[in-house]
Amino acid sequence: MSETPHRSGYVAIAGRPNVGKSTLLNQILGTKVSIVSRRPQTTRNRVLGIYNRDDVQALFLDTPGIHEASGLLNKRMVDEAVGALKDVDLVAFMIDARRERDPERDRLVLDKLIKAGLPVVLVPNKIDEIPKEELLPLIAAWAEAHEFAAIVPISALKGEGVGDLLKEVVSRLEEGPAWFPKDQITDATERFCVGELIRESAFRYLDQELPYALAVEIEEFDESDRLVRVMARIWVERESQKPIVIGRKGSMLKRIGSTARIEAEKLLGTKVFLKITVGVDPRWTRHRNAVERLGNFGGKS
Ligand SMILES: Nc1nc2c(ncn2[C@@H]2O[C@H](COP(=O)(O)OP(=O)(O)OP(=O)(O)O)[C@@H](O)[C@H]2O)c(=O)[nH]1
Ligand SMILES: [Mg+2]
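Residues numbered from 1 in each chain as written. Chains lettered and ligands numbered in written order. Predicted model: local features only at pLDDT ≥ 70, side-chain atom pairs only at ≥ 80, totals over all residues. Heavy atoms only, no water.

### Details of the site of ligand 1
Step number 1: Close to ligand 1 lie 22 residues; K21, T23, Q41, T42 and D128 are nearest.
Step number 2: Measuring from an oxygen atom of ligand 1, one finds a backbone N or O atom of S37 at 3.4 Å.
Step number 3: Protein chains bury 92% of the 660 Å² of accessible surface belonging to ligand 1 in isolation.
Step number 4: The site holding ligand 1 turns out to be the largest pocket. (Near = heavy atom within 4 Å. Polar contact = N/O pair within 3.5 Å; in protein donor to acceptor, adjacent residues only side chain to side chain. Areas by Shrake-Rupley, 256 points an atom, 1.4 Å probe, with all protein chains shown as cover. 1 Å grid on protein atoms, 1.4 Å probe; cavity = no way out; pocket = protein on both sides within 12 Å on 5 of 7 lines; lining within 4 Å. Sits in = over half its atoms within 2 Å of the grid points.)

### Side note on the nonpolar core
Step number 1: Ranked by internal contacts, the top residues of the largest apolar core, which has 29 residues, are V91, F93, L113, W142 and F148.
Step number 2: Within the residue set of this core, elements represented by two or more residues are strand 1 (7-15), strand 2 (47-53), strand 3 (56-62), helix 2 (72-83), strand 4 (90-96), helix 3 (104-115), strand 5 (120-125) and helix 4 (135-145).
Step number 3: A total of four residues in this core trace back to one element, the largest contributor, which is helix 4.
Step number 4: If near-sequence neighbours (up to four positions away) are discounted, F148 is found in contact with F93, L110, V120, L122 and W142. (Core = buried A, V, L, I, M, F, W, Y, C linked by side-chain atoms within 4.5 Å. Buried < 20%, exposed > 50% of the residue type's maximum accessible area, 1.4 Å probe, protein only. Helix = DSSP H or I, 4+ residues; strand = E, 2+ residues; numbered from the N terminus. Contact = heavy atoms within 4.5 Å.)

### Looking at the layout of surface pockets
Step number 1: Its boundaries defined by the atoms lining it, the largest pocket holds a volume of some 420 Å³.
Step number 2: Taken together, 26 residues make up the lining of the largest pocket; nearest its centre are N18, G20, T23, S37 and K126.
Step number 3: Sorting elements by how many residues they give to the lining of the largest pocket places helix 1 (residues 21-29) first, with three residues.
Step number 4: Here the lining of the largest pocket is built from residues that sort into seven nonpolar, twelve polar and seven charged.
Step number 5: Empty space within the second largest pocket amounts to approximately 230 Å³.
Step number 6: Forming the walls of the second largest pocket are R16, P17, P40, I66, H67, E68, V78, R99, R105, L108, V109 and K112.
Step number 7: Ranked by residues supplied to the lining of the second largest pocket, first place goes to helix 3 with four residues. (Points joined across faces, edges and corners; volume = space filled by probe spheres on them. Nonpolar A, V, L, I, M, F, W, Y, C, P; charged D, E, K, R; others polar.)

### Here we look at the coordination of the magnesium ion (ligand 2)
Ideal geometry at a metal gives 109.5 degrees between four tetrahedral donors and either 90 or 180 degrees between six octahedral ones.
Step number 1: Only S22 (OG) and T43 (OG1) from the protein reach the magnesium ion (ligand 2) as donors, at distances of 1.9 to 2.2 Å. With a gap of 21 residues between them, S22 in helix 1 and T43 in the loop between helix 1 and strand 2 connect regions that are remote in the sequence. Grouping residues by exposure puts S22 and T43 together as buried. (Donors = N, O, S within 2.8 Å, 3.2 Å for Na, K, Ca; no water.)

### Digging into helix 4
Step number 1: If you check which residues of helix 4 are buried, you get L135, L138, I139 and W142. One side of helix 4 holds all its buried residues, which, seen down the axis, span an arc of 95°. Exposed positions of helix 4 whose direction lies more than 90 degrees from the buried face are L136 and E144.
Step number 2: Among the structural elements, strand 4, helix 3, strand 5 and strand 6 (150-151) are those in contact with the buried residues of helix 4. (Arc of directions from axis to C-beta.)

### Section: empty space enclosed by the protein
Step number 1: Inspection of the entire model under this criterion finds one cavity of 30 Å³ or more.
Step number 2: Here the largest cavity is characterised by a volume of approximately 40 Å³.
Step number 3: L197, E200, S201, R204, T259, A260 and E263 together form the lining of the largest cavity.
Step number 4: For the lining of the largest cavity, the secondary-structure elements that each account for two or more residues are helix 6 (190-205) and helix 8 (251-268).
Step number 5: In terms of residues, the lining of the largest cavity owes the most to one element, helix 6, which gives four residues.

Encoded structure:
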């Protein structure tokens, strides 16, 4: 019998928008639990990913990007990210290794983490896209800024360095029990995850700003049959946005729906019937109630 003590704890993944936080979480878990897009401000609320091993349960919180926020939805997203720091044991602070010339905004995030009094592991990401010789000066410069618990450069996309990061993280967790069943990988409901997959698909196919003006509401989620039936509504802010989401003869909605359905079937391990309609609600990003309901905040039930 092994006498290794069981370790557990919460680890926040924090950083500016688009640095690769959700990509890292998915890479650690080997499954998509958090949606990813090319554009910043994809993640709107915290997503819990549970990394399980016989001797470890590390609870990773993927958070929205921290930035100077204006507008209710953005403010709410930053609050959500900073709020996630309250109860964690450790922070993985991600930066984009490709843009070391603009560290000011990363410093603003770091200041918030230092203020929270937490041990911070610095994680320069996207090293697959920089020449190796640029890495050392980058690390040296950051090491002067703060006494990090560790510095682990990675490529979240390719998986490079992620094992090293896990080792660093796990070694800093305290002895403790598993807080969730060992076969659970997230606390989000399937209903919530399917809504997120639709949002991810919309991010992929729609141009430019439109995804920011869009929210997904799951109106019906019926698992009583052999296949899961999902009725979803994509909300946009303006009447003029509706035809863009629908596309010519419904072609755009079809694309968004079919990619989301394939991903949902992977996630749920069963056939999915997905029907999406589009609605207009001019106020959803400006009104607290609508943001709560449609930004998927608190929409985990
Ligand atoms: N080349 C490269 N691209 C990456 C890497 N990690 C993430 N990306 C890309 O960076 C973009 C943003 O990734 P996300 O994981 O959505 O970033 P995020 O930090 O969660 O973004 P927000 O949720 O908007 O704050 C996507 O296009 C990813 O594919 C990496 O290691 N290398
Ligand atoms: Mg994200």
